[in-house]
Amino acid sequence: MTDGLVTSIDEAQVLTTTLSMPYTLTTGPAAGSFLFELGNHRILGSRCEVCSRTVVPPSDYCSRCGEAPDEFVQLPETGTVTALTRTDRGVLALIRLDGADADLLHRLDLAKGAVTVGTRVRAVWAATATQSVLDLDCFVLDEDDQPPGTAHPAGEVGLIAQVPHQLELEYQHSYGPHYGRLFDELASSRRILGSLCPTCRNVLVPPREFCDACFVRTGQHVDVSDHGVLQAFSVIHLEFVGQTRTPPYIYAEIVLDGSATRLIHTVAGFDVATAAERLSIGMPVRAVWKDPADCRGTLNDIDYFEPVPSPDQQ
Amino acid sequence: MVASAQTVLRDAWSRLQQVDLIGGVVSDVLRGSGLNIADVDVVIDCGSDVLDGRSISNCGFLGAMGAHHKEESRVEEDGLFGAVYATTKVACGSASVALVLAYSKPSESDVSAYYSTLTEPFYQRALGLDQVSTAGLMANQYLTRTDADEEALLRIAERAWSRAAGNPWIEQSPDLGPEDVARSALVADPLRSLQIARPRDGAVAVLLASEPVARRLSDRPVWVTGMGSAMDSHLLSERLPGQLEACQVAAHMAMSRAGLKDASDVDLVEVTASSSATEAMVVEALGLAAVGHGVDCYADGAQVDVNPSGGAVPADPIMATGLVRLHEASARLAGRIGEGQPTRALAHGAGGLGMQNHCVFTLEV
Ligand SMILES: [Zn+2]
Ligand SMILES: [Zn+2]
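Not measured: the values here are computed from a predicted model.

Basis of the calculations
Residues numbered from 1 in each chain as written. Chains lettered and ligands numbered in written order. Predicted model: local features only at pLDDT ≥ 70, side-chain atom pairs only at ≥ 80, totals over all residues. Heavy atoms only, no water. Helix = DSSP H or I, 4+ residues; strand = E, 2+ residues; numbered from the N terminus. Buried < 20%, exposed > 50% of the residue type's maximum accessible area, 1.4 Å probe, protein only. Contact = heavy atoms within 4.5 Å. Areas by Shrake-Rupley, 256 points an atom, 1.4 Å probe, with all protein chains shown as cover. Lys, Arg positive; Asp, Glu negative; His and termini not counted. Charge placed at Lys NZ, Arg CZ, Asp CG, Glu CD. Domains from an automatic or database assignment. Buried area = accessible area lost by both parts, 1.4 Å probe. Nonpolar A, V, L, I, M, F, W, Y, C, P; charged D, E, K, R; others polar. Donors = N, O, S within 2.8 Å, 3.2 Å for Na, K, Ca; no water. Tetrahedral: all angles 85-135°; square planar, octahedral: opposite > 155°, others 65-115°. Pairing = 2+ DSSP bridges. Salt bridge = Lys/Arg side-chain N within 4 Å of Asp/Glu carboxyl O. Disulfide = S-S within 2.5 Å. Core = buried A, V, L, I, M, F, W, Y, C linked by side-chain atoms within 4.5 Å.

Remarks on the overall build of chain A
Per the secondary structure count, chain A includes three helices and 19 strands. When the backbone C-alpha atoms are referred to their principal axes, chain A occupies close to 95 × 50 × 40 Å. When the 314 residues of chain A are sorted by exposure, 44% land in the buried category. Considering only residue pairs separated by 6 or more positions, chain A has 58% of its internal contacts joining residues 24 or more positions apart. Total accessible area on chain A stands at roughly 15700 Å², and carbon and sulfur atoms take up 51% of it. Side chains of chain A carry 23 positive and 41 negative charges; the gap between the two charge centres is 5 Å.

Below is the structure:
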């Protein structure tokens, strides 16, 4: 049994979730070559002869004229700071590498000495290459103060065609008044709530402030049965990111008795391979609840729906 | 523009979902407008899927937006860009009444991570670039390339916080005021925390109507006289340091359509900014001050009233900030809020990291 309410009338509680998205990013010639050659301790830029501009990192298209660049060039490892800022995550700077006509954004390490706008800096390479912009670890004060270098043609360059990438985004979603109450009642009382629209008299599950069709405030929560009618189903064999059940399982749309909306859930309790014979649209189904001790205040407190046996089967 | 409404901009609307904020503000904008939801032909909504933590999040908001079986379109940009869309629909005659709404609940996610998703993934994201470090870099460029000094940037922020203190639509923090700006933490030098746009939760909605409908509803409608938008380069290093060229282009587009010489032809402007430095750069791009002298616009007795609401530094409902500016400006022209009798106004919105995109509206009564 849960300890009372999942949401609280005294304290706003939240659903904490993480969106975890895997990507395989295609670099294209410019970024792919730049990242590859950082591993060789070479800083690549691209040159547009139309605009007489060398930019670093290189670009597949000139930002001024839109033309593809004429060639990759290799830039010196030294340059001058044109802008910087210090945050609690370190120092970020725009650095005009010698021979470049645009700034490179990178990190500054102040360990070798203070740096301001106009200070000469040099690149420091990471101990191990990871095919990232951080293979160039950072820039530091250039104590040697060598004369500025120049850009020259890069010659043969390698390519990293694809880069794995992961986005991890965390959220604390507010339940709001309707979902909060819905989940509290699911967890504590095995009740399913809907909202009654005063205009069209439809009961909407999950409950909500406005009737979708009428745009009037619903104003009243009402109980909905945990029995309903199977409106649609499909056996899911495909695996995908974010899946909460292991395939094969049955995706089902169920109209709970007393409601006008379709609830998305699953139908189970039998061999999924026999779904086509066992299930039919319009057949009655009923909720199979989890043990009260396992209820967490989500729609998954209903473990699954099962076909209601016909009287002769009972 | 026949009606507009906003929610209070708060640290966190922790007891409401986005959909509840939207339903509330749409209900509010219709109330007393003389229109009901059946009169609305098109709904344009603006928000961020990344901030919402769900893809195509408008799908879940349809009912609360009053968009059931209506023409509805999402603009994943600041609400002012949505207003361009809606105004165009009305102006070309394919809608008589258009509803634009924008909303934001940055309290539900990590704003730094959100801005990180806007960065170029190969060259920038791994470096930890976000809205705070971008604001710091742009402020550093502004101070390096112009005559402005850190004092000027403090004055602009202090002015913003002092105007915000008089704005009933901004939830007040008793422990934060203009006197705290100079002693707030240095978070991205030269900027202190109270000089950087402070994310807020909130929603805003605007109703636009064709001329016959507007004249029927009001004897003093607010007319959209010009619109403009422009985008700058994605990489900060490809933009002109210390200035906002795209803002200048957007403003020129709007003002030339409106027949205005420059922004000094209007009585009030409401602008968006990512920091007190970019706010200076915006007013300079609008032509209200020479480059490096944006702070002059905030002197007592200045000809044009800049950000009577306080602007975006004290209250930035990301994705809704520009549409809040339009709401503020039009409500003042209509005489619903504020004093005096302004007759011409300009509203500015921006989007992207470091204000890559700019949008400008000119209004008149
Ligand atoms: Zn070019
Ligand atoms: Zn209804």
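Observations regarding the domain arrangement of chain B
Residues and elements named next belong to chain B. The domain architecture assigned to chain B consists of domain 1 (3-109 + 200-217) and domain 2 (113-195 + 222-364). Of the residues lining the interface, 37 residues belong to domain 1; the matching set on domain 2 comes to 36 residues. Interface area, domain 1 with domain 2, both sides summed: about 2900 Å², of which 70% is carbon and sulfur. Looking at the side of domain 1 facing domain 2, the largest losses of area belong to Q6, L9 and L80, adding up to 23% of the total buried there. Counting only elements with at least two residues in the side of domain 1 that touches domain 2, the list comes to β1 (3-6), α2 (49-52), α3 (79-91), β4 (97-104), β7 (202-209) and α7 (211-217). In terms of residue count, the dominant contributor to the side of domain 1 that touches domain 2 is α3 (seven residues). Among the residues forming the side of domain 1 that touches domain 2, the class breakdown is 20 nonpolar, nine polar and eight charged.

Structural notes on the coordination of the zinc ion (ligand 2)
Residues and elements named next belong to chain A. At this site the zinc ion (ligand 2) is bound by C197 (SG), C200 (SG), C211 (SG) and C214 (SG), with donor distances of 2.2 to 2.3 Å. Considering all four donor atoms around the zinc ion (ligand 2), the spread of angles at the metal, 104 to 118°, places the coordination shape in the tetrahedral class. Within one chain, the residues donating to the zinc ion (ligand 2) are spaced in sequence as C-x2-C-x10-C-x2-C.

Focus on the pairing of strand β6 (residues 90-97) of chain A
Residues and elements named next belong to chain A. Along β6, six of the eight residues are buried, which leaves the element largely enclosed by surrounding structure. The pairing of strand β5 (residues 78-87) with β6 spans eight bridges and is antiparallel. Each bridged residue has a counterpart across the sheet, and for G79 the counterpart in β6 is L97. Hairpin connection between β5 and β6: a loop of two residues separates the two successive antiparallel strands. Note that β6 and strand β7 (residues 104-108) share five bridges and pair antiparallel. Counted as the bridge partner of L94 is L105 from β7. The hairpin formed by β6 and β7 contains six residues between the paired strands, and G99 there has a positive phi angle of roughly 90°.

Remarks on the coordination of the zinc ion (ligand 1)
Residues and elements named next belong to chain A. For the zinc ion (ligand 1), every protein donor is listed as C48 (SG), C51 (SG), C62 (SG) and C65 (SG), and the spread of their distances is 2.2 to 2.3 Å. Angles of 101 to 115° at the metal separate the four donor atoms of the zinc ion (ligand 1), which places the site in the tetrahedral class. For C62, a relative accessible area of 11% puts it in the buried group.

Quick notes on the interface of chain A and chain B
Across the contact, 59 residues belong to chain A and 52 residues belong to chain B. For chain A, the biggest contributors to the area lost against chain B are L105, S174 and F215 of chain A; these three give 14% of the whole. Counting across the interface, chain A meets chain B through three salt bridges. Between E238 of chain B and R53 of chain A there is a salt bridge, with the nearest N and O atoms lying 3.1 Å from each other.

Considerations on the state of the cysteines
Taken as a whole and assessed by the stated rule, the structure comprises zero disulfides over all chains. No disulfide involves C59 of chain B; its nearest neighbouring cysteine sulfur is the one of C46 of chain B, lying 15 Å away.

Things to note about the nonpolar core
Considering soluble globular proteins, one finds that nonpolar side chains tend to be buried as a cluster. F34, I43, L97, L108 and F139 of chain A together with L286 and L288 of chain B are the most contacted members of the largest nonpolar core, which has 90 residues in total. Sequence-distant contacts of L108 of chain A, that is, excluding residues within four places in its chain, are made with V81, L84, V91, A93, I95, V115, V121 and F139 of chain A. By size, the runner-up hydrophobic cluster in this structure holds 31 residues, among which are F215 of chain A together with W13, L30 and A205 of chain B.

Description of the sheet that holds strand β9 (residues 268-270) of chain B
Paired through backbone hydrogen bonds, the strands of a sheet run either parallel or antiparallel to each other. Residues and elements named next belong to chain B. Reading across from one edge, β8-β12-β11-β9-β10 is the order of the five strands in this open sheet, with mixed pairing throughout. The open sheet has two free edges, formed respectively by β8 (223-231) and β10 (305-306), since each of these has just one partner strand. For strand β11 (residues 344-351) and strand β12 (residues 357-364), the ladder comprises eight bridges, and the chain directions are antiparallel. By the bridge assignment, R344 is partnered in β12 with E364.

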